[in-house]
Amino acid sequence: MNAQLQFRDLTLGYDRHPAVHHLSGEVTAGALLAVVGPNGAGKSTLFKGIVGAIKPLSGHVDLSGLSARDIAYLPQAAEIDRSFPITVYDLVAMGLWRKTGLFGGIGKKDRDKIETALAAVGLTGFERRAIGTLSGGQMQRMLFARLLLQDARLVVLDEPFNAIDAKTSADLIDLVRRWHKEGRTILAALHDIDLVRANFPETLLLAREKVAWGNTASVLTADNMLKARRMCEAFDDEAHACAA
Amino acid sequence: MYDYLIAPFAEFEFMRRALVGVFALAIGAGPIGVFLMLRRMSLVGDAMAHAVLPGAAVGFLISGLNIYAMTLGGLVAGFVVALLAGLVARSTELKEDASLAVFFLISLAVGVTIISVRGTNIDLLHFLFGSVLALDNQTLVLIAVNATVTLIGLAFIYRPLVMECVDPLYLRSVSGAGGPAHLIFLALLVVNLVSGFHALGTLLAVGIMMVPAAIGRFWARDVTSMILIAAAAGTLSGYLGLLLSFHTAAPAGPAVILVAGILYALSVLFGSVGGVLRQFFPGRHLEA
């Protein structure tokens, strides 16, 4: 298999302090990869680095020719202004941006696509609702519908199932599997270890540095988990410049 | 009835001019106001309206009451302050609202000082409260062109602008249109403030923008209707305000904003979306 994504000695961070330290490795095209690690392990930072929201302190991410438009990214805390007067339908329709751009019309085919996406996440009948009236779970379903429309080759999900009930996360994980079957490359940061074991063939265990990366069962051992937890979370204000 | 509502405009040319000017102004400024409100930038609008003043004053200093010089000065000053305030907020600890407040107070002080150096108190009043009853052809054309540019420009950036309001992170992840759209929006804002400045003066120019937008919020649940209602409310305020001014000899600019204020108060009370009456008497709750 060829690589969709390569990390080359990648260091990402804030204010010179590394949050992801000297990470190397590659994600094969079509992989379904879980990124696991304690809070502050650098999962979100890694994702931001992948989608280009932050620049590496050193090293780089090789996207194998993917442009920003081929990546669908669901941030951990979506900065959505829920008081903004917009309907569920219109927000989901934003997923078509790559196709419509500034002026492209939304035709019959596109409307069908939007309806299909809404149906896939179980939000049929919510089209005309204002986004401010949705519950947390419905909100997440709506964002997945938009991801569906983005039709991206690389999907990056940052803790997509936080504060989501079991039924909703089960529905949404079905969508993730469907993407996997369609050959898309998927990265997801997750805390629910059982969910990872059940659904993700490959796992990266991250604690600022790579603890283990590979087959999920061999990565998520008690030893590795303990090791990840021991790696300290806080920045050291007195830290020296890294020589490596 | 005819005498009261229509005759003032049928008989007096300056009233007709004022009406046309105010209509053009309201139609351009209403939509801009809606986006300012939705982006929580109401204060930015206020700050930039004041920022126009010193620029226009410099134009006045150089070439007297020449509309092009004052317009150019106002445009330049408006852009400079818009960019500076953004820069200061982004690069220092000072929050944007505080840095804007500082900017607009300084602008006002500088503007008033410059005008007083060269002009009279009449000139100063003209700058502060505009001269909607004395719009000449050049000014009318300028306001109409500005309104046209505004509507066309907004159509161009409508999608990215809405997306950046609702979900800036998403827009950034799929497109680089957010930054340019924001700049174009600021440009349109300045253009409208300059129009408003000529008709209503530096202190009230934002009024025809923000008050109708706030009215729209009480009657509509989506952006499109909000924009339509804001433009309509601005237009209505313009018409009623000019009438009020004609019959009571109240100053015209303030009368327009005053009427808008009354419409706003009525909207707060009776608005169908979140109006006070609705909140106190929402009707029996539904079954599901």
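Treat the numbers as computed from the prediction; the structure is a model and nothing was measured.

The rules behind these values
- Along each chain, numbering runs from 1 in the same order as the chain's sequence is written.
- By the order in which they are written, chains take letters starting at A while ligands take numbers starting at 1.
- In keeping with the predicted nature of the model, local features appear solely for residues at pLDDT of at least 70, side-chain atom pairs appear and are counted solely at 80 or more, and the whole-chain, interface and lining totals rest on all residues.
- When DSSP finds at least two bridges between two strands, those strands are taken to pair.
- Helix and strand labels come from DSSP, where a helix needs a run of H or I of at least four residues and a strand needs a run of E of at least two; each type is numbered from the N terminus.
- Axis geometry follows a simple rule: fit a line to the C-alpha atoms, using only the stretch in contact for helices, then measure angles between N-to-C directions, giving values from 0 to 180 degrees.
- The contact rule is simple: place each C-beta atom from the backbone, and if two of them lie within 7 Å, those residues are in contact.
- Each residue gets one label: Ala, Val, Leu, Ile, Met, Phe, Trp, Tyr, Cys and Pro are nonpolar, Asp, Glu, Lys and Arg are charged, and the others, such as Gly, are polar.
- Convention used here: angles under 35 degrees read as roughly parallel, angles over 145 as roughly antiparallel, angles from 65 to 115 as roughly perpendicular, and any remaining angle as oblique.
- By convention the crossing between two helices is left-handed if the near helix lies anticlockwise of the far one by an angle smaller than a right angle, and right-handed if it lies clockwise.

Peer 1: Could you clarify how one ought to interpret the sheet that holds strand 8 (residues 202-207) of chain A in this entry?
Peer 2: Sheet strands pair by backbone hydrogen bonding; their relative direction is either parallel or antiparallel. All names here are of chain A. Pairing is mixed across the open sheet formed by 6 strands, whose spatial order is 5-6-7-3-8-9. The open sheet is flanked by strand 5 (71-74) and strand 9 (209-215), the only strands paired with a single partner. Taken pair by pair, the neighbouring strands of this sheet meet at an average axis angle of 15 degrees, ignoring direction. Sheet topology places strand 6 (residues 154-158) next to strand 7 (residues 185-189); 5 bridges connect them, and they run parallel. Within the sheet, the bridge partner assigned to Val156 lies in strand 7 and is Leu187. Sheet strands touched by helix 9 (residues 222-230): strand 8 and strand 9. Its angle to strand 9, the strand with the most contacts, is close to 155 degrees.

Peer 1: I would appreciate a short explanation of the interface of chain A and chain B in the present structure.
Peer 2: Interface size, as often reported, equals the accessible area lost upon joining of the parts. Contacts between the two partners involve 19 residues from chain A and, on the opposite side, 17 residues from chain B. Across the side of chain A that touches chain B, the residue classes tally to 14 nonpolar, 1 polar and 4 charged.

Peer 1: How do you make sense of the packing of helix 5 (residues 136-150) of chain A against helix 6 (residues 166-181) of chain A when you look at a structure like this?
Peer 2: Describing two packed helices takes the angle between their axes plus the distance from one axis to the other. All names here are of chain A. Their axes nearest at 11 Å, the elements helix 5 and helix 6 cross at an angle of 5 degrees. Our classification of the angle between helix 5 and helix 6 gives roughly parallel. Along its contact with helix 5, which presents Gly137, Gln140, Arg141, Phe144 and Leu148, the element helix 6 presents Thr168, Leu172 and Leu175. Residues belonging to the contact of helix 5 with helix 6 are distributed by class as follows: 4 nonpolar, 3 polar and 1 charged.

Peer 1: Explanation requested: the packing of helix 4 (residues 108-120) of chain A against helix 5 of chain A in the structure shown.
Peer 2: Residue and element names in this part refer to chain A. Running from amino to carboxyl end, helix 4 crosses helix 5 at an angle of 135 degrees, the nearest separation of the two axes being 9 Å. Taken together, the axes of helix 4 and helix 5 lie oblique to each other. Helix-helix and strand crossings are classified by hand; for helix 4 and helix 5 the assignment is right-handed. Two secondary-structure elements touch here, helix 4 through Lys113, Ile114, Ala117, Leu118 and Ala120 and helix 5 through Ala145, Leu148 and Leu149.

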